[in-house]
Amino acid sequence: MNSHFVAPSDSGSRDPLPSWQDGTAKHAILHFVERVTGAGSPDEIAPEDRIAVFDNDGTLWCEKPMPIQLDFILRRLVEMTAQDPTLRNRQPWQAAFEQDYAWLNDVISKHYRGDDSALKVLAAGVLAAFAEVTVDEFENHADTYLRTASHPTLDRKYLHCNYSPMVELLDYLAAKGFSNYIVSGGGRDFMRPISQEVYGIPRDRVIGSGVALTWKDDGHSGTILRQPQTDVVDDGPAKPVQIWNRIGRRPVLAAGNSNGDVPMLKFADHPNVPALRLLVLHDDPEREFDYVDGAEHALDTSRTNGWTVVSIKNDWKTVFEPPAE
């Protein structure tokens, strides 16, 4: 699957966002982009400062009934219980083995409400799942999984669970000289293998959570091993810090969907430079999912700060690309 890139020479001759309904959200995007990229515009932003940052889970691709990477980890935890049955009585291996999705969703919901007690339990299993595995082996596992595993309810491979309207937006921004980045609470090394193919975003522009790494001399080129310790959890206040560490610039466009994205969206505010903040609202139970759990604060903040709320139900003509024939 390739990102349908819109060449700069074509962007002015046809609708760059055909999957978007003609409404407030689409108008806000088009107006902002033309305002900051139009030659001679008093608000034109230099290409090197056209930085756009996007959360991934729930913003660029589907995150329900659980984040895609969590399903990847859970399958590994189940494999571990086959090797050591005593793990079946310990969380999070127990939830993975029993497919207790209610417990897992509660962990995420508590996290977005500021309670990370259960998240620490889940994190211990996540860190153990691929400890002492080389980064190359992990990438091969992630790539194979995304190309072969299917979403439990949407009747499509995980690799095809990205949102078509958001891919169009990424292409439109790239055609207008923006540099797009993924800034996700998900694993950096989990997203990198497919970021170019799915989103048109090079792997070096993927910012995410990561585990500690160590290099081992094997007498040849050496190997990098994953360690059972956290390096960074790229969520909440960590997102602006990571953006600055990696990019060294404040973004002018930021898109997210949850409370954990609020600091990143706030960071895109400039005193004298136009900015666009997008908050994806999941309100379409027919085509995707309907939920605000974990986004309550973000929705309140969007109203206070005048951010643009993107309703999946009302603003997108289509959610996913058509199934492959």
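Predicted, not measured: the structure shown is a model, and the values here were computed from it.

K.L.:
Quick question: what am I supposed to make of the overall build of the protein chain here?
P.N.:
Of the regular secondary structure elements, the protein chain holds twelve helices and eight strands. Its C-alpha atoms give the protein chain a radius of gyration of 20 Å, near enough to 20 Å, the size a compact globule of 325 residues would have. With respect to the three principal axes, the spread of C-alpha positions in the protein chain is 65 × 50 × 45 Å. Buried positions account for 53% of the 325 residues belonging to the protein chain. Counting only contacts in the protein chain whose residues sit at least 6 apart along the sequence, the fraction spanning at least 24 positions is 67%. About 14800 Å² of surface is accessible on the protein chain, with carbon and sulfur atoms providing 49% of the total. Taken together, the 32 basic and 48 acidic charged side chains of the protein chain have centroids lying 2 Å from each other.

K.L.:
Please explain unusual backbone geometry as it appears in this structure.
P.N.:
With the exception of glycine, most residues fall at negative phi, and the peptide bonds are largely trans. With an omega of 5°, the peptide bond between K64 and P65 qualifies as cis. In this structure, P65 sits in the loop between β1 (51–54) and α2 (68–83). For the peptide bond that leads from Q91 to P92, omega is 5°, which places it in the cis range. Counting through the fold element by element, P92 comes out in the loop between α2 and α3 (93–98). In this model, Q99 sits at a positive phi of 55°, which is unusual for a non-glycine residue. Checked against the element boundaries, Q99 lands in the loop between α3 and α4 (101–112). Unusually for a residue other than glycine, D155 sits at a positive phi of about 55°.

K.L.:
Can you walk me through the pairing of strand β3 (residues 206–216) in this structure?
P.N.:
As judged from the three bridges shared by strand β2 (residues 179–187) and β3, these two strands associate in the parallel manner. For V183, the partnering residue across the bridge sits in β3 and is I207. Where β3 and strand β4 (residues 223–232) come together, six bridges link them in antiparallel fashion. When the bridges of β4 are listed, L213 appears paired with R226. Turn length for the β3-β4 hairpin, with the two strands adjacent in sequence and antiparallel, is six residues, and the turn residue G219 shows positive phi of about 85°.

K.L.:
Would you mind going over the nonpolar core with me for this structure?
P.N.:
Nonpolar side chains in soluble globular proteins tend to end up buried together. Counting 71 residues, the largest nonpolar core has F54 and L169 as the members making the most contacts within it. Sequence-distant contacts of F54, that is, excluding residues within four places in its chain, are made with L60, M166, L169, L170, L173, N180, Y181, I182, V183, L253, A255 and M264. Core analysis: the next-biggest nonpolar cluster, separate from the first, contains 18 residues, V183, A254, M264 and L281 among them.

K.L.:
Whenever I open this one, the packing of α2 against helix α6 (residues 135–148) confuses me. Can you help?
P.N.:
Helix-helix packing is described using two parameters, namely the angle between the two axes and the distance between the axes. Where α2 contacts α6, the axes come no closer than 11 Å and their chain directions differ by 115°. Compared by their axis directions, α2 and α6 come out roughly perpendicular. Between α2 and α6 lies a crossing of right-handed hand. For the pair formed by α2 and α6, the contact residues are I68, D71, F72 and R75 on the first element and F138, H141, A142, Y145 and L146 on the second. Looking at side-chain class alone, the contact of α2 with α6 contains six nonpolar, one polar and two charged residues.

K.L.:
When you look at helix α8 (residues 188–199) in this model, what are you seeing that I'm missing?
P.N.:
The periodicity of an α-helix, 3.6 residues per turn, causes residues three or four places apart in sequence to face the same way. Its twelve residues give α8 an end-to-end C-alpha distance of only 14 Å, which falls more than 12% under 16 Å, the value for a rise of 1.5 Å per residue. The element α8 is extensively covered by neighbouring structure, given that nine of its twelve residues are classed as buried. Those residues of α8 lying buried are R188, D189, F190, M191, P193, I194, S195, V198 and Y199. Along its buried surface, α8 packs onto α2, α6, α7 (164–175), β2, β3 and β4. Just beyond α8, the residue with positive phi is G200, at close to 70°.

What counts as what
- Numbers given for residues are sequential positions, taken from 1 along each chain in its written order.
- A pLDDT threshold of at least 70 governs which residues receive local features in this predicted model, and a stricter bar of 80 or more applies before side-chain atom pairs are shown or counted, although totals over entire chains, interfaces and linings include all residues.
- Each side-chain value is derived from all of the structure's non-hydrogen atoms; neither hydrogens nor water enter the calculation.
- Each helix is a run of DSSP H or I of at least 4 residues and each strand a run of E of at least 2, with the numbering of both proceeding from the N terminus.
- Computation of the radius of gyration draws on C-alpha atoms alone. For the globule rule, the value is 2.2 Å times the number of residues to the power 0.38.
- For the exposure calls, accessible area comes from a 1.4 Å probe over protein chains only, and a residue counts as buried if that area is under 20% of its type's maximum, exposed if over 50%, partly exposed in between.
- The contact definition used throughout considers only heavy atoms, calling two residues in contact when any of these lie within 4.5 Å.
- Using a 1.4 Å probe, accessible areas were evaluated by the Shrake-Rupley method; residue-level cover was limited to the displayed protein chains.
- The charge count treats Lys and Arg as positive and Asp and Glu as negative. His and the chain ends do not count.
- Charge positions come from single atoms, namely NZ of Lys, CZ of Arg, CG of Asp or CD of Glu.
- At least two bridges found by DSSP between two strands are what make those strands a pair.
- Among buried residues, those of type Ala, Val, Leu, Ile, Met, Phe, Trp, Tyr and Cys that are joined through side-chain atoms within 4.5 Å constitute a nonpolar core.
- Here the axes come from fitting lines to C-alpha atoms, over the contacting stretch only for helices, and the angles between their N-to-C directions go from 0 to 180 degrees.
- Should an angle lie under 35 degrees it is considered roughly parallel, over 145 roughly antiparallel, and from 65 to 115 roughly perpendicular; all remaining angles are considered oblique.
- Here a crossing is taken to be left-handed if its near helix is turned anticlockwise relative to the far helix by less than a right angle, and right-handed if that turn runs clockwise.
- Under the grouping applied here, Gly and all other residues not named as nonpolar or charged are polar, the nonpolar ones being Ala, Val, Leu, Ile, Met, Phe, Trp, Tyr, Cys and Pro and the charged ones Asp, Glu, Lys and Arg.
- Expected helix span is computed as 1.5 Å times (number of residues minus one).

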